[in-house]
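Tertiary structure, described
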Amino acid sequence: DTAVSQTPKYLVTQMGNDKSIKCEQNLGHDTMYWYKQDSKKFLKIMFSYNNKELIINETVPNRFSPKSPDKAHLNLHINSLELGDSAVYFCASSQDTGNTEAFFGQGTRLTVV
Amino acid sequence: DQQVKQNSPSLSVQEGRISILNCDYTNSMFDYFLWYKKYPAEGPTFLISISSIKDKNEDGRFTVFLNKSAKHLSLHIVPSQPGDSAVYFCAADYGQNFVFGPGTRLSVLP
């Protein structure tokens, strides 16, 4: 019974393509996040949604667009993929926006060739 | 500009001994701190947390200590077990999002 699940787990695609990564949580949480783990293994926040509304949008290219159709889902769509987008992307959720732990998905390893 | 630092990229400890992982932060607005454990090809898993109003929190073999004046926290694992071998991330939060450190790879040797 996976709490936070993201698909696909691996994604290999060519430069210039558009791709989406899906994320779903069954914990009833109000807040969801997307993190990027770069080549140096840093986990950096990209977006944060609370009750389907965007509350954090860190400095990411506007080729990245999150979509939250409902509280349980936060999908990440990436247009015109570039080599530098290759990374592991983690979805996470938490009950609220502060002073509570976040639960992470297993990650999506994106490789742009 | 790293707001959360873990200056030891790796640590090796003998099974049964204590593992001490350190974390420093720069932003005094942080009021909640967490430790996550990560195995290869898996997402980070929450381990233990501490609020800034406390200086210690214990959960089984895991204890987190917070020294606010030094802006330092540490995770103690005792006794260490081979299954504890993983990358440990320190994270800090001030209500908007979690800021993660770069991680420390712990190897517990049998």
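1. Regarding the layout of surface pockets
The computed volume of the largest pocket comes to approximately 530 Å³. Along the walls of the largest pocket sit 19 residues, with Leu-43, Lys-44, Ile-45 and Glu-58 of chain A together with Val-99 of chain B positioned nearest its centre. Mapped by element, the contributors of at least two residues to the lining of the largest pocket are strand 5 (43–50) of chain A together with strand 10 (98–100) of chain B. The leading source of residues in the lining of the largest pocket is strand 5 of chain A, at four residues. By residue class, the composition of the lining of the largest pocket is ten nonpolar, four polar and five charged. Of the pockets and cavities examined, the second largest pocket occupies roughly 440 Å³. Contributing elements (two or more residues each) for the lining of the second largest pocket: strand 9 (87–94) of chain A together with strand 9 (86–93) and strand 11 (104–109) of chain B.

2. Notes on the state of the cysteines
Scanning the entire structure with this criterion turns up two disulfides over all chains. Covalent S-S linkage joins Cys-23 of chain A and Cys-91 of chain A, the inter-sulfur distance amounting to 1.8 Å. Measuring handedness by torsion sign, the sulfur bridge of Cys-23 of chain A and Cys-91 of chain A sits at about -75° and is left-handed. One end of the pair, Cys-23 of chain A, is in strand 3 (residues 19–25); the other, Cys-91 of chain A, is in strand 9, with 68 residues separating them in the sequence. Across the disulfide from Cys-23 of chain B sits Cys-90 of chain B; the S-S distance is 2.0 Å. Of note, the bridge from Cys-23 of chain B to Cys-90 of chain B carries an S-S torsion of about -70° and is left-handed in sense. Of the two residues, Cys-23 of chain B sits in strand 3 (residues 19–25) while Cys-90 of chain B sits in strand 9, which places them 67 residues apart along the sequence.

3. A closer look at the interface of chain A and chain B
Contact residues are listed per partner, giving 22 residues for chain A and 19 residues for chain B. Interface area for chain A against chain B, summed over the two sides, is near 1700 Å², with a carbon-plus-sulfur share of 58%. It is Phe-42, Leu-43 and Asn-99 of chain A that lose the most area in chain A upon contact with chain B, and together they represent 29% of the buried surface on that side. Counting across the chain A and chain B interface gives zero salt bridges. Between chain A and chain B we count two residue pairs in polar contact (both at pLDDT 80 or more) in total. The set of elements that each furnish at least two residues to the side of chain A that touches chain B consists of strand 4 (31–37), strand 5, strand 6 (53–57) and strand 10 (102–104) of chain A. Per-class residue counts for the side of chain A that touches chain B are ten nonpolar, eight polar and four charged.

4. Comments concerning the pairing of strand 5 of chain A
Residues and elements named next belong to chain A. For strand 5, the buried fraction is high: seven of the eight residues fall into the buried class. Judged from the seven bridges that link them, strand 4 and strand 5 form a sheet pairing that is antiparallel. Considered in strand 5, the bridge of Trp-34 is made with Phe-47. Linking strand 4 to strand 5, which pair antiparallel, is a turn of five residues; within it Lys-41 sits at a positive phi near 75°. Two strands pair when backbone bridges link them, and strand 5 and strand 6 are joined in this way by four bridges, in the antiparallel orientation. For Phe-47, the partnering residue across the bridge sits in strand 6 and is Asn-57. Taking the residues between adjacent antiparallel strands as the criterion, strand 5 and strand 6 are bridged by two residues, where Asn-51 takes a positive phi near 50°.

5. Describing the environment of Thr-108 of chain A
Note on placement: Thr-108 of chain A falls in strand 11 (residues 108–112). Here the alpha-carbon distance between Thr-108 of chain A and Gln-6 of chain A, two residues 102 residues apart in the chain, equals 7.1 Å.

Rules behind the numbers
- Residues numbered from 1 in each chain as written.
- Chains lettered and ligands numbered in written order.
- Predicted model: local features only at pLDDT ≥ 70, side-chain atom pairs only at ≥ 80, totals over all residues.
- Heavy atoms only, no water.
- 1 Å grid on protein atoms, 1.4 Å probe; cavity = no way out; pocket = protein on both sides within 12 Å on 5 of 7 lines; lining within 4 Å.
- Points joined across faces, edges and corners; volume = space filled by probe spheres on them.
- Helix = DSSP H or I, 4+ residues; strand = E, 2+ residues; numbered from the N terminus.
- Nonpolar A, V, L, I, M, F, W, Y, C, P; charged D, E, K, R; others polar.
- Disulfide = S-S within 2.5 Å.
- Contact = heavy atoms within 4.5 Å.
- Buried area = accessible area lost by both parts, 1.4 Å probe.
- Salt bridge = Lys/Arg side-chain N within 4 Å of Asp/Glu carboxyl O.
- Polar contact = N/O pair within 3.5 Å; in protein donor to acceptor, adjacent residues only side chain to side chain.
- Buried < 20%, exposed > 50% of the residue type's maximum accessible area, 1.4 Å probe, protein only.
- Pairing = 2+ DSSP bridges.

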